[in-house]
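Survey of secondary and tertiary structure
Each chain is listed here by its residues.
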Amino acid sequence: MAPDRGDLRGRDEQRGAGEPKVLGGSEEPKVGSDAGEPKVVWQPGAADHDRANLARFAAFLSSEVGVELSRWEQLREFSITRLADFWESVRRFYALDLHEPHSAVLEGQMPQCRWFPGGECNYAEEILSRAHRDAPAIIALDESAQPVAISIESLEGDVGALAAALTDLGVQAGDRVAGYLPNIPEAVIALLATASIGAIWSSCAPDFGPQSVIDRFAQIEPKVLIGVDGYLYAGRSHDRRTVLAEIERAVPSIQATIVVELLGGGEGALHSPSALRFAEITREPKQPRFKRLPFQHPLWILFSSGTTGLPKGILHSHGGILLEHLKALGLCLDLRPEDRYFFHSSTSWMAWNYLVGGLLHGASIVLYNGSPTHPDAGALWRLASQTEASVLGLGSAYVSGSQKAGLTLPAHRSLRILIPTGSPLPPSGWQWLARELEEAVRIDSILGGTDVCTAFFGGSPLLPVWEGEISARWLGVDAHAYGEQGEERIGEVGEFVIEQPMPSMPIALWGDEDGSRYRDTYFSMFPSVWRQGDWITITDRGSIIPSGRSDATLNRAGVRIGSAEIYAVVETIDGVQDSLVVGVELPDGEYYMPLFLTTKEGVSLDDQLRTTISALLRAKLSPRHVPDEIVHAPFIPRTLTGKKVEVPIKRILSGEPPERALVAGSVDRPEAIEWFVAFAKRRLPNTEQRGSGPQGSGPQGSGPQGSGPQGSRSRGPGSRGPGSQASRPTRSGSQR
């Protein structure tokens, strides 16, 4: 049955005839451009406030801590000015038993700090003890089958059986277990079984090629590999038995391989006679036993995309992830026991781990192993409706693709929260969602990171949602936008930094014995302040506008431009399918900013389309946003987790050999990289002289719409993001 949406509808009637109830700020937000603000696409009502988990948390703070907080900004201020009190309150509110007395909530400062020293817990124990007993724990489906409901009792029995088998294979606390698995229940079982005995989990999706998997797993030296014989995607079977054999040969630490047979084939169909069958191991259910572990004991290793070097192995802790996912999913996203939580993800993306965290709140999680666009562009929307998902997460690129395909969405009677993420959603995508979805659905874009396995920014049942913006900095996230000298910026693009620690910040990077890589990755720009590597604007309303990765920032004549600004305009133009923009500092001091794009079938990139693109960028953004050249590319390369490959393309156009610019196998279409290499050789020989571009790329400077006077290229300082100083001056009020 769909969850009861009850009084989520008819918000105007719920408020009554009196004054509007203040929920998120000092007054009810004005709607539309008359107030100098973007359009409000979702507005909370009294019922949203009253039913929110935050309302119960505020009551807890009143009775147990003695603070009266009812509005979002009050709660957020408490969460960052009284950091230890806040996180201890979250622990107590969610009854997270640490079994042993902890000597403090937090010891030390970034980058060296410890949470809840002395406390003990186990991620798998908490997941299984909190899951719903009267609703499915997991709803699983693929392209060929109807949804399959899995109870918590079944999940527990499989976890216990696999954990016992891992122990029999010699796996101990601290050993690694690696998964080469799609988004299927066996992946969740394997994660929980590994965590239950204190071993460390890591996974790659089977759409990763062998070298990409080996680059990751060889670093962490797993003792056991749990892999799949193949999978079904876009209507085709993909056999992975030879890949399993290749991984085994390349990673000598693997002592045993357990195979999930999705494709099957009968006896003797496994890649190796010594391989074990997952189904046989879990045939007889067993009650799981949980090893009590220090709060900061490593839980899993997530990997960075690895486009510009060997992927970083990011270690998160049992306690840090538990506390963060209790807070983020429960207090901020507002996940509830009656929810069905569907986040379309692969096991290589942190969104999958974030999805599993839904079990902490008693929600049923929906796992989909398949293409979102098979047999047609609307497949994922239909599956969400079919499974009665109430909270749906999906890539912004899929939303944009749905809009461009002209889809009419099916009825989503259960849906209350939609989460577009992975990249900034362009305004046209927001407008399309607002038209297609019922007013009761909160369109709740989030911005998160693999580094912390959570969201930094998102919406709230207490706050309105403005078109094109993320509603707020989430609780416990002391986020700011910094300028060049470490000064705080409001209403201007700045470097996204965090001034105080979060429990789910990495406990280490794998193999980084002295912590130097950790410090260089997050603290080299501003010592003692975490730099995430994104550009954001924090508005005077407290909302967030993401502008893309700061290391791919465009810089023309000293004016810094986020690539997301350009995509938000270009990808709304009829006929444009996808785009990528980079800025290249050339040896002669010039700055070259080409825009690459793909077009829809039957559309050619001609002078008229180039003129349209340039004119819109000039009118909507500025003349500096107009590219030097608009080039048709056969593909726009993305990482295997769906992000545009901006930095490696910039490095290739700067003259760097492709083998140094990115790691082979880290992108979805290697042939696209080959095209960019060939383009760089033709268009920028020796990165000094630029002749005419490849056929169809247009004249130098994009003709009459070139950026700057007479289509000339801008000259200016090199691209340096805000805060490129080695250290930041002390800011008034920044030290707590």
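Reading guide: rules and limits
- Residues numbered from 1 in each chain as written.
- Predicted model: local features only at pLDDT ≥ 70, side-chain atom pairs only at ≥ 80, totals over all residues.
- Heavy atoms only, no water.
- Pairing = 2+ DSSP bridges.
- Helix = DSSP H or I, 4+ residues; strand = E, 2+ residues; numbered from the N terminus.
- Buried < 20%, exposed > 50% of the residue type's maximum accessible area, 1.4 Å probe, protein only.
- Right-handed = clockwise from strand over helix to strand, strands pointing away.
- Axes fitted to C-alpha atoms, helices over the stretch in contact; angles between N-to-C directions.
- Phe/Tyr/Trp six-rings, centres within 6.5 Å; stacked < 30°, edge-to-face > 60°.
- Lys NZ or Arg CZ within 6 Å of the ring centre and 35° of its normal.
- Salt bridge = Lys/Arg side-chain N within 4 Å of Asp/Glu carboxyl O.
- pLDDT = per-residue confidence, 0-100.
- Contact = heavy atoms within 4.5 Å.
- Parallel < 35°, antiparallel > 145°, perpendicular 65-115°, else oblique.
- Left-handed = near helix turned anticlockwise from the far one by under 90°.
- Nonpolar A, V, L, I, M, F, W, Y, C, P; charged D, E, K, R; others polar.

Some remarks on the sheet that holds strand β22 (residues 447-449)
Spatially, β22-β23-β25 is the arrangement adopted by the 3 strands of the open sheet, whose pairing is antiparallel. In the strand order of this sheet, the two ends are held by β22 and β25 (472-473), each with one partner. Strand direction decides the pairing type here: β22 and strand β23 (residues 454-458), joined by 3 bridges, are antiparallel. Among the inter-strand pairings, Gly449 is bridged to a residue of β23, identified as Thr454.

What to know about the pairing of strand β17 (residues 340-343)
Of the two faces of β17, the one carrying Arg340 and Phe342 and the one carrying Tyr341 and Phe343 are both buried. Summarising the sheet, β17 and strand β18 (residues 364-369) pair through 3 bridges and their orientation is parallel. Of the residues in β18, the one forming a bridge with Phe342 is Val366. Once the chain exits β17 it traverses helix α13 (residues 350-356) before rejoining the sheet at β18, and the crossover so formed is right-handed. Relative to strand β19 (residues 391-395), β17 is paired through 3 bridges, and the arrangement is parallel. Within β19, the position partnered with Phe342 by the bridge is Leu392.

Let's talk about the sheet that holds strand β36 (residues 594-599)
Overall, mixed pairing links the 3 strands, which are arranged β33-β36-β37 in an open sheet. Every other strand in the sheet has two partners, leaving β33 (576-581) and β37 (629-632) as the edge strands with one partner each. Going across the sheet, the axis of each strand differs from the next one's by a mean of 25 degrees, ignoring polarity. As paired strands, β33 and β36 are joined by 5 bridges and run antiparallel to one another. Within the sheet, the bridge partner assigned to Val576 lies in β36 and is Thr599.

Topic: the packing of aromatic side chains
Evaluation of the coordinates by the stated rule reveals 27 aromatic pairs. Between Trp675 and Phe676, the aromatic rings sit 5.0 Å apart at their centres with planes inclined by 85 degrees, giving edge-to-face as the arrangement. Neither residue differs from the other here; Trp675 and Phe676 are each classed as buried. Positioned over the ring face of Trp466 is Arg541, at 4.9 Å from the centre of the ring. Across the ring face of Tyr567, the terminal group of Lys644 is positioned such that the distance to the ring centre comes to 3.5 Å.

Some remarks on the pattern of salt bridges
Scanning the entire structure with this criterion turns up 28 salt bridges. Two residues, Arg133 and Glu153, come together in a salt bridge whose shortest N-O distance is 4.0 Å. In this pair, Arg133 is assigned in the loop between α6 (123-130) and β5 (138-142) and Glu153 in helix α7 (residues 152-168), connecting sequence segments 20 residues apart. What makes Glu153 partly exposed here is its relative accessible area of 43%. The partner of Arg610 in a salt bridge is Asp607, and the shortest N-O contact between them spans 3.5 Å. On the criterion of helical spacing, the pair formed by Arg610 and Asp607 is a turn pair, its members being 3 residues apart in helix α19 (residues 607-620). Arg610 sits in the buried class, given a relative accessible area of 6%. Shared partners join several salt bridges into a network, and the residues in it are Asp334, Arg336, Asp339 and Arg416.

As for the confidence of the model for the protein chain
One rule of thumb: low pLDDT means the predicted coordinates there are not for detailed reading. When pLDDT is averaged along the protein chain, the result is 85, and 86% of the positions lie at 70 or above. In the model, residues 687-736 has pLDDT below 50 throughout and makes 135 contacts with residues more than four positions away in sequence or in other chains.

Some words on unusual backbone geometry
Omega for the peptide link from Met110 to Pro111 comes to 0 degrees, which places this bond in the cis form. Here Pro111 lies in the loop between β2 (106-109) and β3 (112-115). A cis amide bond, omega 10 degrees, links His374 with the succeeding residue Pro375. With respect to the helices, strands and loops of the structure, Pro375 is situated in the loop between β18 and α14 (379-386). A positive phi angle, near 45 degrees, is found at Phe116, a position not held by glycine. In this fold, Phe116 is placed in the loop between β3 and β4 (120-121).

Digging into the environment of Leu367
Position of Leu367 relative to the elements: it lies in strand β18. Counting along the chain gives 184 residues from Leu367 to Asn183, while the straight-line C-alpha distance between them is 6.0 Å. Apart from residues no more than four positions distant in its own chain, Leu367 is found in contact with Ile138, Ile139, Ala140, Leu141, Asn183, Ile184, Pro185, Val188 and Leu355.

A word on helix α4 (residues 72-81)
Residues of α4 that are buried include every one of Trp72, Leu75, Arg76, Phe78, Ser79 and Ile80, and no others. Tucked inside the fold, the buried residues of α4 contact α3 (53-65), α5 (83-93), α12 (318-332) and β25.

Details of the environment of Arg382
Tracing the chain through its elements places Arg382 in helix α14. Classification of Arg382 as partly exposed rests on a relative accessible area of 37%. For the pair Arg382 and Leu409, spaced 27 residues apart in sequence, the C-alpha to C-alpha distance is 8.0 Å. Ignoring sequence-local partners within four residues, the contact set of Arg382 consists of Pro375, Asp376 and Pro410.

Some remarks on the packing of α7 against helix α8 (residues 185-196)
Look at α7 against α8: their axes get within 8 Å of each other, and the N-to-C directions meet at 55 degrees. Taken together, α7 and α8 sit at an angle that is classed as oblique. Between α7 and α8 lies a crossing of right-handed hand. Mapping the contact onto sequence places Leu155, Asp158, Val159, Leu162, Ala163 and Leu166 in α7 and Ile189, Ala190, Leu192, Ala193, Thr194 and Ser196 in α8. Residue composition of the contact of α7 with α8, grouped by class: 9 nonpolar, 2 polar and 1 charged.

Things to note about helix α15 (residues 396-404)
Within α15, the full set of buried residues consists of Ser396, Tyr398, Val399, Ser400, Ser402 and Lys404. Residues of α15 that are buried sit in contact with α14, β19, β20 (417-421), α16 (427-436) and β33. Looking one or two residues beyond α15, the residue adopting positive phi is Gly406, at roughly 70 degrees.

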